[in-house]
Amino acid sequence: MSTSAAFHRAIALTETAPEHADRAFEAQPQPVPWPKAYGGDTVAQSVAAALRTVDDDRVLHSVHSSFLRGVDVSEPVRYEVELIRDGRGFSTRHVRGHQHGKLAFLATASFHVPEEFPEHGPALPEVPAPETLRSSAEVLAGLDGPDIEYWSHGRSFDMRHVPGPVYVEVEGARVPHQAVWVRSFEALDDDPRTHQLAIAYVCDYTILEPVLRVLGLPWREEGLVTASLDHAMWFHAPARADEWLLYVQESAGISDGRGLGLGRFHTADGRLIATVAQEGMIRPGRPL
């Protein structure tokens, strides 16, 4: 059954006494079919912790993260938040994620009091409507395995690829770009912060796929190992994550076992919502 329960569990933080900073929270990584936690899980949890420390008049406009160690899904992560600055228009928070007594994750989040201002963004590319595309569950129907179940139902979001997914094989041409329609499986509440967290959570699932696509490497490639190294995200405008958003992505460069993915979230009517950049390690199981 497809639900958004994993996302809701991921952002359910418990406040605890700080040890190294001003505020501290614990959150439980969500189960995945491999040893280490999903990177978007950690990004969203760190943002959720930072959000708990700023006034309601401020919205998240950027977050810059570094993945230092793999996160064990069986143990909670402790997020220590340092209140760096609170100015008239901007606030800054530094978040450190600790697990097993070691630093696993770093993030700097910036918040802004919204202002009336003209908007501009790249044009929405022409792609098929999401209703005309196959869901992940439809693409993977008839296949078995914990990874198949996870991709089909376990990620809290419906994802529909153009030109096609890269789960078991690379569907479509080996081009350095793709687009993915994304929407939460279930309706979310009306708090704009929930929707920002949802976009931060889902952004990491597919951002490196254009890198894999151009290399001809599907996720199920035997021996393939990937890992998020660093991540940056900028929020430009509010949007609901339980309505279709188009995530336009490209490979910005590949070298030395690393690939850089760039992405933009748009509403269905073309408004630019967020921009993402992420570098990841890629270790194929065969010579390229």
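Residues numbered from 1 in each chain as written. Predicted model: local features only at pLDDT ≥ 70, side-chain atom pairs only at ≥ 80, totals over all residues. Heavy atoms only, no water.

Caption draft 1: Highlighting the overall build of the protein chain. When you go through the protein chain residue by residue, the secondary structure sums to six helices and twelve strands. Compactness check: the protein chain gives a C-alpha radius of gyration of 18 Å against a globular reference of 19 Å for 288 residues, within 12% of the reference. Taken over the C-alpha atoms alone, the protein chain extends approximately 50 × 45 × 40 Å along its principal axes. A total of 288 residues make up the protein chain; the buried ones form 52% of that total. A separation threshold of at least 6 residues defines the contact pool for the protein chain, and within that pool the share at least 24 residues apart is 72%. When the accessible surface of the protein chain is summed, it comes to about 13,100 Å², and 52% of that surface belongs to carbon and sulfur atoms. Within the protein chain, the 40 negative side-chain charges are centred at a point lying 4 Å from the centre of the 26 positive side-chain charges. (Helix = DSSP H or I, 4+ residues; strand = E, 2+ residues; numbered from the N terminus. Rg over C-alpha atoms; globule rule 2.2 N^0.38 Å. Buried < 20%, exposed > 50% of the residue type's maximum accessible area, 1.4 Å probe, protein only. Contact = heavy atoms within 4.5 Å. Areas by Shrake-Rupley, 256 points an atom, 1.4 Å probe, with all protein chains shown as cover. Lys, Arg positive; Asp, Glu negative; His and termini not counted. Charge placed at Lys NZ, Arg CZ, Asp CG, Glu CD.)

Caption draft 2: Broad picture of the pattern of salt bridges. Applying the stated criterion across every chain, the model contains 15 salt bridges. Between Glu82 and Arg96 there is a salt bridge, with the nearest N and O atoms lying 3.3 Å from each other. In this pair, Glu82 is assigned in strand β4 (residues 77–86) and Arg96 in strand β5 (residues 90–99), connecting sequence segments 14 residues apart. The class of Glu82 is partly exposed, set by a relative accessible area of 28%. Arg258 serves as the salt-bridge partner of Glu279, at 2.5 Å between the closest nitrogen and oxygen. Of the two residues, Glu279 is situated in strand β12 (residues 272–283) and Arg258 in strand β11 (residues 258–267); the sequence distance between them amounts to 21 residues. Judged by relative accessible area, which is 31%, Arg258 ranks as partly exposed. Members of the salt-bridge network, linked through shared partners, are Glu19, Arg78 and Glu80. (Salt bridge = Lys/Arg side-chain N within 4 Å of Asp/Glu carboxyl O.)

Caption draft 3: Fine view of the layout of surface pockets. Each pocket or cavity is described by its volume, and for the largest pocket that value is around 880 Å³. Along the wall of the largest pocket there are 31 residues; nearest its centre are Trp34, Lys36, Ala37, Thr226 and Ala227. Looking at the lining of the largest pocket, the elements with two or more residues in it are α2 (39–51), β6 (102–112), α4 (146–153) and β9 (225–235). The element best represented in the lining of the largest pocket is β9, accounting for four residues. The class makeup of the residues in the lining of the largest pocket is 18 nonpolar, six polar and seven charged. There is about 690 Å³ of room inside the second largest pocket. If you go around the second largest pocket, you meet 25 residues; those closest to its centre are Val59, Pro114, His236, Ala237 and Pro238. (1 Å grid on protein atoms, 1.4 Å probe; cavity = no way out; pocket = protein on both sides within 12 Å on 5 of 7 lines; lining within 4 Å. Points joined across faces, edges and corners; volume = space filled by probe spheres on them. Nonpolar A, V, L, I, M, F, W, Y, C, P; charged D, E, K, R; others polar.)

Caption draft 4: Inspection of the pairing of β4 at higher detail. Bridge count for strand β2 (residues 23–27) against β4 is five bridges, and the pairing is antiparallel. Within β4, the residue paired with Phe25 across the bridge is Tyr79. With eight bridges connecting them, β4 and β5 associate as antiparallel partners. Within β5, the residue paired with Arg85 across the bridge is Thr92. (Pairing = 2+ DSSP bridges.)

Caption draft 5: Main features of helix α5 (residues 192–202). A large share of α5 lies buried, amounting to ten of its eleven residues. Among the residues making up α5, those that are buried are Arg193, Thr194, His195, Gln196, Leu197, Ala198, Ile199, Ala200, Tyr201 and Val202. The backbone nitrogen of Arg193 has a side-chain oxygen 2.9 Å away, supplied by the residue at the start of α5, namely Asp191. (Polar contact = N/O pair within 3.5 Å; in protein donor to acceptor, adjacent residues only side chain to side chain.)

Caption draft 6: Broad picture of the nonpolar core. Residues Phe7, Phe157, Ile199, Tyr201, Met233 and Phe265 are the most contacted members of the largest nonpolar core, which totals 64 residues. If you tally residues by element for this core, the top one is α2, at seven residues. Met233 has contacts with His61, Ser62, Val63, Ile199, Ala200, Cys203, Phe265, Ala274, Thr275 and Val276, leaving out every residue within four places of it along the chain. Counting seven residues, the second-largest nonpolar core is a separate cluster that includes Leu133, Val162, Trp244 and Val248. (Core = buried A, V, L, I, M, F, W, Y, C linked by side-chain atoms within 4.5 Å.)

Caption draft 7: Layout of the environment of Arg85. Tracing the backbone through its elements, the reader meets Arg85 in strand β4. Excluding residues that lie within four positions of it along the chain, Arg85 makes contacts with Phe90, Ser91, Thr92 and Arg93. Within the local environment of Arg85, its side chain forms a polar contact with the backbone oxygen of Phe90, the two atoms lying 3.5 Å apart.

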